[in-house]
Amino acid sequence: MGERLERGYNIALTPDGPRGPREQAQKGVIRMAQMTNTPIIPVSYDASRKRCLKSWDRFILPLPFSKFHLAFAQPIIVPPDAQGPELEKARQELERALIDLGKLCQQQVDASGN
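As the structure is a computational prediction, the values presented were derived from the model and not from experiment.

A. Structural detail: the overall build of the protein. Counting secondary structure elements, the protein contains 3 helices and 4 strands. If you line up the protein on its principal axes, its C-alpha atoms span 45 × 30 × 25 Å. Long-range pairs, those at least 24 residues apart, make up 61% of the contacts in the protein between residues at least 6 apart in sequence. Put simply, the protein shows about 8,000 Å² of open surface, and 52% of that area lies on carbon and sulfur atoms. When the 16 positive and 13 negative side-chain charges of the protein are each reduced to one mean point, those points stand 8 Å apart.

Set out below in structure tokens:
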């Protein structure tokens, strides 16, 4: 993935890892952003009509004809020389941004009234 980023590709990662815990950002995405000097752009979504999988992350599958809300937060930059506390601060910033975006998306979908 790092090679792809360095060649200009965009990638998407699940920041809470392949096994969770849910809504707890892991250090991997922070380290990759640091190593590749790539900003992290937090993204979340919700849908008015959806199927939530029974997986650890409760993955959302929007159903046809649902209203959908997609939201982005400000990019998070991880300095190349960041260590310990700075990396943890970036991880917490990402985690907070994703939680806030999730709530915003849910509120927007609920307000749409579908």
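On we go from here.
B. Spatial organisation of helix α2 (residues 27-36). Every buried residue belonging to α2 is among Val-29, Ile-30, Met-32, Ala-33, Gln-34 and Thr-36, and all of these are buried. Packed against the buried residues of α2 are α1 (2-6) and α3 (84-112). One or two steps after α2, the chain reaches Asn-37, where phi turns positive at roughly 55°.

C. Broad picture of the packing of α2 against α3. Packing of α2 against α3 leaves a shortest axis separation of 9 Å and a crossing angle of 115°. Here the hand of the crossing between α2 and α3 comes out right-handed. Contacts from Lys-27, Val-29, Ile-30, Arg-31 and Gln-34 in α2 reach Leu-87, Glu-88, Ala-90, Arg-91 and Leu-94 in α3. When grouped by side-chain class, the residues that make up the contact of α2 with α3 number 5 nonpolar, 1 polar and 4 charged.

D. Examining the nonpolar core more closely. In this structure, Ala-25, Val-29, Ile-30, Ala-33, Ile-40, Ile-76, Val-78, Ala-82, Leu-87, Ala-90 and Leu-94 together form the largest nonpolar core, which totals 11 residues. Listed by contribution, the elements that provide at least two residues to this core are α2 and α3. Once residues lying within four places of it in the same chain are set aside, the contact partners of Ile-40 are Val-29, Ile-30, Ala-33, Gln-74, Pro-75, Ile-76, Val-78 and Leu-94.

E. How the structure looks around the environment of His-69. Looking at the element boundaries, His-69 is found in strand β4 (residues 68-72). Once residues within four sequence positions are removed from consideration, His-69 is found in contact with Ser-44, Tyr-45, Asp-46, Cys-105, Gln-108 and Val-109.

Rules of the game
- Residues numbered from 1 in each chain as written.
- Predicted model: local features only at pLDDT ≥ 70, side-chain atom pairs only at ≥ 80, totals over all residues.
- Heavy atoms only, no water.
- Helix = DSSP H or I, 4+ residues; strand = E, 2+ residues; numbered from the N terminus.
- Contact = heavy atoms within 4.5 Å.
- Areas by Shrake-Rupley, 256 points an atom, 1.4 Å probe, with all protein chains shown as cover.
- Lys, Arg positive; Asp, Glu negative; His and termini not counted.
- Charge placed at Lys NZ, Arg CZ, Asp CG, Glu CD.
- Buried < 20%, exposed > 50% of the residue type's maximum accessible area, 1.4 Å probe, protein only.
- Axes fitted to C-alpha atoms, helices over the stretch in contact; angles between N-to-C directions.
- Left-handed = near helix turned anticlockwise from the far one by under 90°.
- Nonpolar A, V, L, I, M, F, W, Y, C, P; charged D, E, K, R; others polar.
- Core = buried A, V, L, I, M, F, W, Y, C linked by side-chain atoms within 4.5 Å.

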